[in-house]
Amino acid sequence: MHIAEGFLPVGHAVAWFVVSTPFVVHGARAVIKESKEHPESRLLLAAAGAFTFVLSSIKLPSVTGSSSHPTGTGLGAILFRPPIMAFMATVVLLFQALLLAHGGLTTLGANVFSMGIAGPWVGYWVWKLNAKLGWSRDVGVFFAMALADLSTYLVTSFQLALAFPDPVSGIAGSVVKFLGVFALSQVPLAIAEGILGVLVFRILTDVAKPELQRLGVLRSPEKVAA
Amino acid sequence: MAHGLALDHAAWASPWRERSLRDKGVLSLGLLGSALALPPIPGGAAVALISVVLLVGPIKVGWGRLVRVVWLPVVSIAIGVATVAVSVGWSSGPTFAITPEGLRTARDLAVRSLAATLALFTLACSTPMIDLLTGLRKLRVPDPLIEIASLIYRFAFGLIENVGEIRRAQEGRLGYVDRRAAMRSTSMAMSVLFLRVWERARRLDVGLAGRGYEDSLRTLEPPRIRSTAFLVGSLVLLAVLIGTSVMWGVLR
């Protein structure tokens, strides 16, 4: 669930645009560099972007009986690194706003910060930490995707709480309120997204091993031999 | 899913599709900015009313389609507004209350957010995404970025149709009969979907490489109507809207 169109006051909407812009510009430069050095990556990036977009139209069952959708940015961060995901998430959020009526243009800066910056960076750090600890790849993918999803909604709750502090308990009370509402659907959803991410990553390692090696996600045979 | 396709179908079918992006952009973004910046009553309410008139009038969305596309944001806004309306306290364990201040904030928020959503729809229901991407190219956004966004759009629509087909087939095999079956069916659908988009990207790469694809996929751009009268009319409408809202605040 992203912040809806017109939900943030003007000052907050502008501030989140200002905060997110450097990350998106940096990501856009990384995308241009990648597509110039490896033109075939353009289609790979587009496929990943389309997959992320379509994920948002797949409803997952949740504990409350309602349904919600995965973010898919954790997997993208593992494959393409967080800077590229900042740009990709911006495109996906723009499409979601204009094609699925989900999110909005005035809240794009805030939604990019939560889904395109905070989520991917958390997912990527978890993936790297898992590699350092020497745990299995499946564990790394699961936690990277689940925590990328959870951190996205954690940041969204903070953004909403900053904009609408509770009249009685202030920002802290408001954070608890929004976290409570999101937790009902997002905690089970994050677990589901982690499990689905493991399945998709296993398929990827079967069908696209050379690409994953070139992206540095999997170790190439030469490096293993060395 | 249906509401997503409904938005795109509305954009392709709208008589305003022929209008230039400049003309529609001034009107829609002007309404969107007004919804955000003006007081919700009367400014936001007026933006909502004008947007509905435009959507069911010249943009020809139709009431049925409008209801289909607006229900999802309305539910999203309602959840957020309800959360803002309820106050949480910690005096002796968690307490919940509805304060006049909370109610006032919630009311203003509901009007502003609904008005902004309807204003955005005036653009989304009259301008296909591909026209917006062409507009970005004119604003000198680098070609590789436009190319990737265009490819995402092209891939996404094929995949959304696939999602519907897979879902119908799985439902026919009782794939969503309980939570466990739904989880299994969803994971299978995601895996199949990923394989399809991967395969499509590979085939497109091979096909385009054979045609000498190097930097961008340029296509012919159909002529668009640039109307000074439309532009002036939009600016007058926005000026009247802003002026009336400001006067209302001064006179009250």
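In this text, all values refer to a predicted model and were calculated from it rather than measured experimentally.

1. Describing the pattern of salt bridges
Residue and element names in this part refer to chain B.
Okay, step 1: Tallied over the entire structure, the rule returns 11 salt bridges over all chains.
Okay, step 2: Across the pair glutamate 147 and arginine 137 runs a salt bridge whose closest N-O atoms are separated by 2.8 Å. One end of the pair, glutamate 147, is in helix 7 (residues 143–172); the other, arginine 137, is in helix 6 (residues 129–138), with 10 residues separating them in the sequence.
Okay, step 3: Glutamate 171 is paired through a salt bridge with arginine 167; the nearest N and O atoms lie 3.0 Å apart. Separated by four residues within a single helix, glutamate 171 and arginine 167 lie in helix 7, roughly one turn from each other.

2. With respect to the UniProt feature "transmembrane region" (unreviewed entry) in chain B
Residue and element names in this part refer to chain B.
Okay, step 1: Under the UniProt annotation, the feature "transmembrane region" (unreviewed entry) is placed at residues 26–57, 69–90, 110–130 and 228–251.
Okay, step 2: Secondary structure content for residues 26–57 is 91% helix and 0% strand, while the C-alpha to C-alpha distance between its ends is 18 Å.
Okay, step 3: Within the segment residues 228–251, helix and strand shares are 100% and 0% respectively, and the terminal C-alpha atoms sit 34 Å apart.

3. Section: the environment of proline 144 of chain B
Okay, step 1: With respect to the helices and strands, the residue proline 144 of chain B is situated in helix 7.
Okay, step 2: Each residue touching proline 144 of chain B, except ones within four places of it in the same chain, is listed here: Ile32, Ser35 and Arg42 of chain A.

4. Things to note about the packing of aromatic side chains
Two descriptors summarise a pair of aromatic rings, namely the distance from one centre to the other and the angle between the planes of the rings.
Okay, step 1: Scanning all chains against the criterion turns up nine aromatic pairs over all chains.
Okay, step 2: On the numbers, 6.1 Å between centres and 90° between planes, the contact of phenylalanine 53 of chain A with phenylalanine 95 of chain A is edge-to-face. Residue phenylalanine 53 of chain A is found in helix 2 (residues 41–55), and its partner phenylalanine 95 of chain A is found in helix 4 (residues 82–99); the two are separated by 42 residues along the sequence.
Okay, step 3: Judged by its relative accessible area of 1%, phenylalanine 53 of chain A falls in the buried class.
Okay, step 4: Residue classification places phenylalanine 95 of chain A among the buried residues on the basis of a relative accessible area of 0%.
Okay, step 5: Taken together, the ring pairs in this structure connect Phe53 and Phe95 of chain A together with Tyr153 of chain B into an aromatic cluster.
Okay, step 6: When the ring centre of tyrosine 176 of chain B is taken as reference, the NZ or CZ atom of arginine 167 of chain B above it lies at 3.8 Å.

Rules used throughout
Residues numbered from 1 in each chain as written. Chains lettered and ligands numbered in written order. Predicted model: local features only at pLDDT ≥ 70, side-chain atom pairs only at ≥ 80, totals over all residues. Heavy atoms only, no water. Salt bridge = Lys/Arg side-chain N within 4 Å of Asp/Glu carboxyl O. Helix = DSSP H or I, 4+ residues; strand = E, 2+ residues; numbered from the N terminus. UniProt positions renumbered as here; feature names shortened; annotations may be inferred. Contact = heavy atoms within 4.5 Å. Phe/Tyr/Trp six-rings, centres within 6.5 Å; stacked < 30°, edge-to-face > 60°. Buried < 20%, exposed > 50% of the residue type's maximum accessible area, 1.4 Å probe, protein only. Lys NZ or Arg CZ within 6 Å of the ring centre and 35° of its normal.

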